[in-house]
Each structure stands twice: as C-alpha cells, then as structure tokens.
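Residue-level listing of the chains:
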Amino acid sequence: MDFQLSEEQRIFKKTVHDFADQRMAPLVKEWDEGCTSLDRGILSQYANMGLLGITLPEKYGGAGLTAFDAVLAIEELARVSPIAAMPVFETSVGPVRVVDLFGTEDQKKRFIPPSCNGERLMAVAMTEPEAGTALTDLTTRAVLKGDHYVINGRKRFISGGGHSDFYMVYVRLSEAKGAKGIGGIVVEKDSPGFTFGKQEAFMGLHGMPSCDLIFEDCAVPKENLIIPEGGFAYLMQAFDVERCGNATMSLGIAWGALEAAKKYAQERKAFGKPICEFQGIQFLLADMAMKVEAARLLIYRAAINAGMGLPSIFESSIAKCFANEIGKEVTDMALQVFGGYGYSKEYPVERMLRDSRGWPVAGGTLQIQRVNIAGAMLGRRFNQR
C-alpha cells in the first residue's frame, strides 16, 4: 500500500492547482454574485490541458487515465469552486462514462469525442417531481414508434439543465413496475418536443445551471438508447463512480475552507498576536485538518480500488456520506475562525459553507448512503416500501 503520488500525478496535480488559482479563482465572485455559468469558451483550455474525459479512452479523445486521476483534478478545482470542477466531473465521472461503459461503438464515436474536446457537455437527468431518492418511481415514459422513441415527462433539479448539449435521461421503457422497465437514453438539446423550465435559485452553488427538463412528445432516434429496458442496475453501477465525484466536490470545498482559515489565522491579530497562537483556534484548525484528511483517504481508497472500472457501492457510499458531512462541518468551523468577517460576503468562507450544503442532497441523500452501507455490510438489500 503506497500513499505517495507518482511523479506524473504530482506534476498533473500541480498543473491543475496553478490553473485553478490563476485562471478560475478570479471568476468565482462573478459566478456567485451574478449566478453566471462558466463561459463555454473556457472549455477549450480544459481540453488543451487534458482535463476533459480524464477516464475516457484515448481513441475517443480522452486521457485514458483512472478514476483516481479524475479525483485529483476535481479536488484541486473544487478547492477554488465546484463550478470550476463541473466540466471535469461531467466528462470524467459523470454521464459520459455511462456511454463509455455500456454504449455501442457507434454511440461512443458520436458522444464521447465532442465531450473530450469541449464542444459538447452531457448532463444526467434522473430526479423527477415525485421521484428523487425513490428513483424507481420515475414516470418519464419513452415509447418506441418506428425509428424513434417518443418521450413524455418531466425531470427536476437537473444540474446543467439548459446549459448542457446532451442529456442522459433515465426513462421508463415499459409498464413493468420498479426498476425492471427503466433504461437510459441520450436526448440532444435541440430535439423536437424538448424544452426547459426556469433556472432554479439555490442557497449555494450559484453559477451551476439547474432547471426542469420538459418532454412533450419529444422524438429521439432509437440509436440514442444507451441502456435498454431492465438495465437499471448498470445505470446505478455507473452512479457509484459519480458518487466519488460528488464526495470529491465536498472534499475540495472543505480543503479550500481549511486553507483559507490557516492563512487568515496567521494574519489576523488579537491581543497583540496572530490568532493562530491561541489554543482555541489551534483546536479548530486541527479538527478541520483531521476531517479533511479522513475524507481524502476514504475517497482515494474508493477511486484507487476502482482503477479503470467501477468502485464498490460500499466504498463509494462511505466516501460520499463522510465527505458530505465534513464538508458542512469544516466550512462552518472555518467561518468561526474568521469570526465576523467569515459572515461577510467579502470573504470566501460564507460561500463555501453555502456550496457545501448542496452535495449531501445531490446524488443520493446521506440517509440512502447509510442504507447502501448497511446493505453492503450485511449482504442484502433493504426494501424501502
């Protein structure tokens, strides 16, 4: 067991670190205050650095690296802002991976290269007004008519909604109950009968587009079906990779808050000396560091064990649950280190605290992660109905 990064990984990590600080950090305030999305023109810079499709095969334009390499990049970018990390998240551990793992050769050639070169982004569409954690209750229906599927339904809280070009949509392909009738199909943004709802206004994650996807007799070529009926288990297996990405978003935010608190504690003076010399501040910093390091090790374990494949549901759920929780805790502690200044929008930690709160409800709640963990431990599934 080796806890050291390779020379290539250290160089890669440093390169992403510098890119985040020099190119992305100056944009964070604009994203947060103006709720403006990441400029699509910047994606070419991501592509030139090999940050898009890190886990995707080289023959389709990806880097052909591991989930761990993607985690390293997401962590460095999320340290500055999760908005900066989203293109890496979406192309390396998100829905494009589903195409890579389960799509046909033709589908891979159509959907993966545009994602890797920054021309197109793909979002995943799972949640519905009445189907969140209880995803198998989804009602969005796709019916095959000739050479097209006709889709009707509505998706909610879709990150990238209205901004992305492709959508991996979970649909019901038959009247079979539960998971049996569910599959996945790629819907392109300009498909007839496909529209978007209003952009959501969230507590945090300003600048991350999110809206309803509305399907009204939306016609999609049958060649876009990635996962056929009964393949829900494959979709959820791929989601284990996405959990690692979600966990890393929380880790990056927490790490950024810790770094900000360390810097501030050495600069801010009280009673004639830097506040880092007071034991109360030292305890806060030490507790923050322990939580960040523990989350990092759990995520790294899940990602490294996954290699080029899929992490276990046990390891990915533990990593997500723990990292999501410490993300909230560490940003709150960082705000305490800053005192009154931490509550001010002039400083970054109040934004970090707000951003940290979104990840525990995205990608599977903390409660369902605990159900997953218990099920994996006991070797059985627990019916929630």
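So, a few notes on the structure that sits alongside this text. Keep in mind that what you see is a predicted model, and the values were worked out from it rather than measured.

Quick notes on the rules
- Counting restarts for each chain, with residues numbered from 1 along the sequence as it is written.
- Totals for whole chains, interfaces and linings use every residue, but because this is a predicted model, local features are given only for residues with pLDDT of at least 70 and side-chain atom pairs only at 80 or more, for both listing and counting.
- In computing side-chain properties, one takes all heavy atoms of the structure into account and sets aside hydrogens as well as water.
- Any Phe, Tyr or Trp ring, taking Trp's six-membered ring, that has another such ring centre within 6.5 Å forms a pair; planes under 30 degrees apart are called stacked, those over 60 apart edge-to-face, and the others tilted.
- Each helix is a run of DSSP H or I of at least 4 residues and each strand a run of E of at least 2, with the numbering of both proceeding from the N terminus.
- Think of it in three bands: with a 1.4 Å probe and only protein chains considered, a residue is buried below 20% of the maximum accessible area for its type, exposed above 50%, and partly exposed in between.
- What we call a nonpolar core is a set of buried Ala, Val, Leu, Ile, Met, Phe, Trp, Tyr and Cys residues that are connected through their side-chain atoms within 4.5 Å.
- In this analysis, two residues are considered to be in contact whenever any of their non-hydrogen atoms come within 4.5 Å of each other.
- By definition, no residue in a patch forms a salt bridge, and every one has over 30% relative accessible area; like charges are joined within 9 Å, nonpolar side chains (Val, Leu, Ile, Met, Phe, Trp, Tyr) within 5 Å.
- Surface accessibility in these figures is a Shrake-Rupley result with a 1.4 Å probe; residues are shielded only by whichever protein chains are displayed.
- Put simply, a salt bridge is a Lys or Arg side-chain nitrogen that is within 4 Å of an Asp or Glu carboxyl oxygen.
- Two N or O atoms form a polar contact when they lie within 3.5 Å of each other; inside protein one atom must be a possible hydrogen donor and the other a possible acceptor, and for residues adjacent in sequence the pair counts only when both atoms belong to side chains.
- A pair of strands is labelled paired if DSSP reports no fewer than 2 bridges between them.
- Note on terminology: pairs of cysteine sulfur atoms within 2.5 Å are recorded as disulfides.
- Interaxial angle, 0 to 180 degrees, is taken between N-to-C directions of lines fitted to C-alpha atoms, where a helix line uses only the stretch in contact.
- Reported orientations rely on four angle classes, namely roughly parallel under 35 degrees, roughly antiparallel over 145, roughly perpendicular from 65 to 115, and oblique for the rest.
- Helix crossings are classified by the rotation of the near helix relative to the far one: an anticlockwise turn of less than a right angle makes the crossing left-handed, while a clockwise turn makes it right-handed.
- Throughout this entry, Asp, Glu, Lys and Arg are counted as charged residues, while Ala, Val, Leu, Ile, Met, Phe, Trp, Tyr, Cys and Pro are counted as nonpolar. The remaining residues, Gly among them, count as polar.

### A look at the packing of aromatic side chains
Counted under the stated rule, the structure contains 15 aromatic pairs. When the centroid spacing of 5.4 Å and the interplanar angle of 85° are considered together, the rings of Tyr167 and Phe194 count as edge-to-face. Linking Tyr167 in strand 4 (residues 166-172) with Phe194 in strand 6 (residues 194-196), this pair joins segments that are 27 residues apart in sequence. As far as the burial class goes, Tyr167 and Phe194 line up, both buried.

### Observations regarding the nonpolar core
In this structure, Met24, Tyr46, Leu51 and Leu77 are the most contacted members of the largest nonpolar core, which totals 69 residues. With 13 residues, the single largest contributor to this core is helix 8 (residues 232-267). Apart from residues no more than four positions distant in its own chain, Leu51 is found in contact with Phe12, Val16, Phe19, Tyr46, Ala73, Val88, Thr91 and Ser92. Val98, Met126, Met168 and Phe239 belong to the second-largest nonpolar core, a separate cluster that totals 25 residues.

### Notes on a nonpolar patch on the surface
Residues Met377, Leu378 and Phe382 make up a contiguous nonpolar surface patch of about 320 Å² in total accessible area. Here Leu378 is to be found in helix 12 (residues 366-378).

### Quick notes on unusual backbone geometry
Despite not being glycine, Asp217 shows a phi value in the positive range, around 50°. Within the fold, Asp217 resides in strand 7 (residues 210-221). A relative accessible area of 54% places Asp217 in the exposed class. Positive phi, close to 55°, is recorded for Phe271, a residue that is not glycine. Looking at the element boundaries, Phe271 is found in the loop between strand 9 (269-270) and strand 10 (273-274). Residue classification places Phe271 among the exposed residues on the basis of a relative accessible area of 81%.

### A look at the side chain of Ser115
If you trace the backbone, Ser115 turns up in helix 7 (residues 105-116). Residue Ser115 is classed as buried on the basis of its relative accessible area, which comes to 0%. Side-chain polar atoms of Ser115 contact the backbone oxygen of Phe111, separated by 3.1 Å. With near-sequence residues (within four places) excluded, Ser115 lies in contact with Leu52, Thr91, Val96 and Arg120.

### Looking at the pairing of strand 3 (residues 148-159)
Here strand 2 (residues 141-145) pairs with strand 3 via five bridges, running antiparallel. Within the sheet, the bridge partner assigned to Ala142 lies in strand 3 and is Ile151. Count of turn residues in the strand 2/strand 3 antiparallel hairpin: two residues, of which Gly146 carries a positive phi of about 70°.

### Comments concerning the pattern of salt bridges
According to the stated counting rule, one finds 24 salt bridges in the structure shown. Between Arg110 and Glu188 there is a salt bridge whose closest N-O contact spans 3.7 Å. Placement of Arg110 in helix 7 and of Glu188 in strand 5 (residues 182-188) is noted, with a sequence separation of 78 residues between them. Measuring nitrogen to oxygen at the nearest pair gives 2.8 Å for the salt bridge that ties Lys263 to Glu267. Taken together, the residues Lys263 and Glu267, both in helix 8 and four residues apart, mark about one turn of the helix. Through salt bridges with shared partners, a single network forms among Lys13, Asp21, Glu76 and Arg79.

### Description of the state of the cysteines
Inspection of the entire model under this criterion finds zero disulfides. Here Cys244 is not cross-linked by a disulfide; its sulfur's nearest cysteine counterpart is in Cys321, at 13 Å. A residue is classified by how much of its surface remains accessible, and Cys244, at 5% relative accessible area, is buried.

### Some points on the side chain of Asn246
Checked against the element boundaries, Asn246 lands in helix 8. On the accessibility criterion, Asn246 (4% relative accessible area) is buried. In terms of polar contacts, Asn246 uses its side chain to reach the backbone carbonyl oxygen of Trp359, at 3.4 Å. Discounting residues that sit within four places of it in the chain, Asn246 has contacts with Phe89, Lys320, Asn324, Trp359, Ala362 and Gly363.

### Structural notes on the packing of helix 8 against helix 11 (residues 349-356)
With their axes 10 Å apart at the nearest point, helix 8 and helix 11 run at an angle of 160° to one another. Of the possible angle classes, the one that applies to helix 8 and helix 11 is roughly antiparallel. The interaxial crossing formed by helix 8 with helix 11 has left-handed handedness. Within the contact between the two elements, helix 8 uses Ile253, Gly256, Ala257 and Ala260 and helix 11 uses Val349, Met352, Asp355 and Ser356. Classifying every residue of the contact of helix 8 with helix 11 by side-chain character gives five nonpolar, two polar and one charged.

### Observations regarding the packing of helix 4 (residues 67-78) against helix 8
Viewed as axis vectors pointing N to C, helix 4 and helix 8 meet at an angle of 40°, and their least axial separation amounts to 7 Å. In terms of orientation, helix 4 lies oblique with respect to helix 8. Helix 4 and helix 8 meet at a crossing whose hand is right-handed. Here helix 4 contributes Val71, Ile74, Glu75, Glu76 and Ala78 to the contact with helix 8, which in turn contributes Gly245, Thr248, Met249, Leu251, Gly252, Ile253 and Trp255. When the residues that make up the contact of helix 4 with helix 8 are grouped by side-chain class, the tally is seven nonpolar, three polar and two charged.

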